[in-house]
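Residue-level structure breakdown
If you want the building blocks of each chain, they are given just below.
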Protein chains: 2
Amino acid sequence: MEIIRYPKREEWPDITSRPNLNYEYLHDIVKEIFIEVQKKGDRAVKRYTKHFDRIDLETPSINKEEIEQAKNELSEELISSIDTAYNNIKYFHESQISSSHKVDILPGVQCWQKDIPIEEIGLYIPGGNFPLFSSVLMLGIPAKIAGCKKVVLCTPPNEEGKINPALLYAAQKANIDNIYAVGGIQAIASMTFGTESIPKVNKIFGPGNQYVVAAKLYSTQFGTAIDMPAGPSELLIIADDTCKAEFIAADLLSQAEHGIDSQVMLVSWSEKIINEIIESVNKQLKTLDNKEVIERSLHHAKILLTLNKDEAIEIANFYAPEHLIIATEHDDYLADKVINAGSVFLGEYSPESAGDYASGTNHTLPTNGYAKSFSGLTVNSFCKQVSFQRISKQGLTSLASTITNLAKAEHLNAHVNSIRIRLKD
Amino acid sequence: MEIIRYPKREEWPDITSRPNLNYEYLHDIVKEIFIEVQKKGDRAVKRYTKHFDRIDLETPSINKEEIEQAKNELSEELISSIDTAYNNIKYFHESQISSSHKVDILPGVQCWQKDIPIEEIGLYIPGGNFPLFSSVLMLGIPAKIAGCKKVVLCTPPNEEGKINPALLYAAQKANIDNIYAVGGIQAIASMTFGTESIPKVNKIFGPGNQYVVAAKLYSTQFGTAIDMPAGPSELLIIADDTCKAEFIAADLLSQAEHGIDSQVMLVSWSEKIINEIIESVNKQLKTLDNKEVIERSLHHAKILLTLNKDEAIEIANFYAPEHLIIATEHDDYLADKVINAGSVFLGEYSPESAGDYASGTNHTLPTNGYAKSFSGLTVNSFCKQVSFQRISKQGLTSLASTITNLAKAEHLNAHVNSIRIRLKD
């Protein structure tokens, strides 16, 4: 972990720069698979699953019995934990349902907005040894609260052609309509075009490796919407003398565990606490399972010593981290100054792990600086806001001169005509 | 206008297909201008303005006096119309401000969301003979209601290096911070990288020709967000026997006037009213100024005769029009069934022109089928929703087993550690 003492403002861009995410080198393979899936549907999916996942599946569809039996393979403990996480995430996301009301602009001019769910949603969940069933909840719950008509999930099969039972149970719990054992570029292509088995969807959500991200970006060319372009996970912690060094050290370590490209940053105006945290990181590291991943990730972690707390939050806003932990005295003062962050954790008992799994907030958050302009997932991400208006003859009469004057100035004569013809008598 | 009688469902994709919007052929010119602007800043902007707009400008910045004097060049009538439109648009968009409340998930586990404005916003307004000052209001008003810190506007200069005074007045009215006389790809590149005069922004909004759209799409590679990819404007009208044929004809004509590539569609289950509308279109067309544009656009317009009103709204949802006019008896029945549309106009005195200019709703709406997954612009489009959480020791104790069980199942041991270390005593 590199310590940077009192970085000058002109050094900030360099210090906060991210790994360059350019997927152009994957263009050819993505394009090839998209063309094949569009042309040959299930047959192409079967071939790519055989090639990439080394399993020859008759059909990508997971049948109902397999989903229902998944629960039997899980411990009572895990079932009950998934159920609790489900309840908390559902409870928080239900609070995001917005109510709409009609606005009387003028007598006879009524305008309003309505949240309408996006009809067909595709969720992608990566495979591998560590099944991200928590992401199934984070994606599936808000989709169902929004009221999406069809929610399908694609995830790669393991070498026996199976899906991890915890993932199946989470999907069943979240009421996901259909599950398909298909991964990678071919999964995104299937949801973009539709195959005999897998439906075409309007919007694709979910994490994935560089192949999946490149495929999601490519799918937007065919009218598919995507949640957001995702990069490596990020955590920035602002800590002062009042924090418990071992708690902050544990948070830095747990962020580093996400992968060797995880972004870890600590900002403080106390050199004393920085040294205590580093010491605690080194001590705790020895006891952890994923030591090698953590060490590689911490290798490019950064510790910034700032002049004061205002400069600390300024750097945080400049970086725009996915996760921001504020572990300081008077944390409300800094919380009020947050401009760019995906999710903010306040106080010493709010570790990132809580938001990753169980407190209720969504863990699908903007990375790579996108927190400057993107939100994490909410129920809104699964809806469109459609505007409506109803105008009476009296209302149109009141608006008429405004509309016709503006239309005339924009040289749109037929627009003027559409008003005049209605009010000619 | 082609009449298609009782189209079969398998014909719908073909009937509702849009012009293919592929901007790959512009890739080289966009890339070249981006590289030049990134390297040479204002010098490159000056050169491209001279080349494309045929004017050699000392600086792209429009000074305060020019903006303040713009009002003097406008008629009282136009000023008052811009002011009225401003008030109505502001009033409707203020109703979109959402309130947030803290949610107690469990005792000691509090989560909430906060709408935080995107800091720096860039607006693009096309030039040409018909200045779209209405778009200045539609973009600038919600940006300022959201509370964006800096809102800048780029628009190409005319041959004297000037900006249309109505556009300048609308920008001043909307409190836009800075205005620059720069258009096309070089404007988007300037707002993507920043130059000596023009600031880098976080998100770019606004309409434009194919060069501008291609440049906006390209700018997303550099971390810039954009409102949405825009295609030609669209209107679908559902009408029955109870509508006034001449009103509907006027609406079809005003939509056709937007440009030769405008998409115009009429859907009805009454052959009688279809014939009356066509007759009225032909009659009114003779009296209009932009006759040539309208005729070219109507050439590819489509009229669909459906079995009944349910099939009519199904086709409308399948097409997902930018604008949807419902001019039928019991229009509430059909309004309730709207799934995919940008903005919906109900009743015989609600022409699209009202929403284009003055009723209060936003006219920046999803085209090209994007209404299936995108909203039109709202105050939300200028904000991010950031989640916050504060957990007490008691709260974390309640969540502990859920978090640790799930983290263990995902093999994330350092996550388990971040909980245990906090609760070890």
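Structure report, in brief. Please read all numbers here as calculations on a predicted model, not as lab measurements.

Moving on, we come to the overall build of chain A. Along its length, chain A carries 17 helices and 14 strands. Along the three orthogonal principal directions, the C-alpha set of chain A runs to about 85 × 60 × 45 Å. Counting the 425 residues in chain A, one finds 61% classified as buried. Taking as baseline every contact in chain A between residues at least 6 positions apart, the subset at least 24 positions apart corresponds to 75%. A total accessible area of about 16,800 Å² is found for chain A, and carbon and sulfur atoms account for 47% of it.

If you rotate chain B by 180° and push it 0.0 Å along the axis, it lands on chain A with an RMSD of 0.0 Å. Viewed as a symmetry operation, the transformation between the two copies matches a two-fold axis. Every residue of chain B has its C-alpha some distance from the rotation axis, and the shortest such distance is that of Ser98(B), at 3.9 Å. The share of interface residues of chain B whose copies in chain A are also at the interface is 98%, consistent with both copies meeting through the same surface.

Further remarks concern the sheet that holds strand S2 (residues 103-106) of chain B. Strand order in the open sheet formed by nine strands is S1(A)-S11(A)-S10(A)-S9(A)-S12(A)-S13(A)-S14(B)-S3(B)-S2(B), and the pairing between neighbours is mixed. Among the strands making up the open sheet, the edge pair consists of strand S1 (2-5) of chain A together with S2 of chain B. Averaged over all pairs of adjacent strands, the angle between their axes in this sheet comes to 20°, without regard to strand direction. As paired elements, strand S13 (residues 343-346) of chain A and strand S14 (residues 383-391) of chain B share four bridges and run parallel to each other. Residue pairing in the sheet places Ser343(A) in a bridge with Ser387(B) of S14(B). The strands touched by helix H5 (residues 76-94) of chain A are S2 and strand S3 (109-117) of chain B; relative to S2(B), the strand with the most contacts, the crossing angle is about 170°. Contacting strand S9 (234-239), strand S10 (263-268) and strand S12 (323-327) of chain A, helix H10 (residues 245-256) of chain A runs over the sheet at an angle of about 170° to S9(A).

Let us now look at helix H16 (residues 393-409) of chain A. All names here are of chain A. The end-to-end C-alpha distance of H16 is 24 Å, a good match for the 24 Å that 17 residues give at a rise of 1.5 Å each. Its maximal kink placed at Leu399, H16 deviates by approximately 50°. What H16 keeps buried is the set Gly395, Leu396, Leu399, Ala400, Thr402, Ile403, Thr404, Asn405, Leu406 and Ala407. At the exit of H16 stands His411, carrying a positive phi of roughly 60°.

Time to look at the sheet that holds strand S5 (residues 150-155) of chain B. Residues and elements named next belong to chain B. Across the sheet, five strands lie side by side as S6-S5-S4-S7-S8; this open sheet has parallel pairing. Two strands lie at the open edges of the sheet, namely strand S6 (178-181) and strand S8 (225-226), each paired on one side alone. Strand direction decides the pairing type here: strand S4 (residues 120-124) and S5, joined by five bridges, are parallel. Paired with Ile121 across the strands is Val151, a residue of S5. Contacts from helix H8 (residues 184-193) reach S4, S5 and strand S7 (203-205) within the one sheet, and its direction differs from that of S4 by about 180°.

Here we take up the interface of chain B and chain A. Each side of the interface is counted separately: chain B has 118 residues, and chain A has 117 residues. With both sides pooled, the region where chain B packs onto chain A buries about 10,200 Å², and carbon together with sulfur makes up 56% of that total. Applying the counting rule to chain B against chain A returns eight salt bridges. Between Arg422(B) and Asp251(A) there is a salt bridge, with the nearest N and O atoms lying 2.6 Å from each other. Where chain B meets chain A, there are 59 residue pairs in polar contact (both at pLDDT 80 or more). Considering each element in turn, the side of chain B that touches chain A owes the most residues, 10 residues, to helix H16 (residues 393-409) of chain B.

Once that is clear, we can look at the packing of aromatic side chains. All names here are of chain A. Applying the stated criterion across every chain yields a total of 22 aromatic pairs over all chains. Chaining the aromatic ring pairs together yields one cluster made of Phe34, Phe193, Tyr218 and Phe222. The ring of Tyr333 has Lys309 sitting right over it, with the charged end atom 5.2 Å from the ring centre.

Criteria and thresholds
Residues numbered from 1 in each chain as written. Chains lettered and ligands numbered in written order. Predicted model: local features only at pLDDT ≥ 70, side-chain atom pairs only at ≥ 80, totals over all residues. Heavy atoms only, no water. Helix = DSSP H or I, 4+ residues; strand = E, 2+ residues; numbered from the N terminus. Buried < 20%, exposed > 50% of the residue type's maximum accessible area, 1.4 Å probe, protein only. Contact = heavy atoms within 4.5 Å. Areas by Shrake-Rupley, 256 points an atom, 1.4 Å probe, with all protein chains shown as cover. Least-squares fit on C-alpha atoms with pLDDT ≥ 70 in both. Pairing = 2+ DSSP bridges. Axes fitted to C-alpha atoms, helices over the stretch in contact; angles between N-to-C directions. Expected span 1.5 Å × (residues − 1). Bend = angle between axes of the 7 residues up to and from the residue. Buried area = accessible area lost by both parts, 1.4 Å probe. Salt bridge = Lys/Arg side-chain N within 4 Å of Asp/Glu carboxyl O. Polar contact = N/O pair within 3.5 Å; in protein donor to acceptor, adjacent residues only side chain to side chain. Phe/Tyr/Trp six-rings, centres within 6.5 Å; stacked < 30°, edge-to-face > 60°. Lys NZ or Arg CZ within 6 Å of the ring centre and 35° of its normal.

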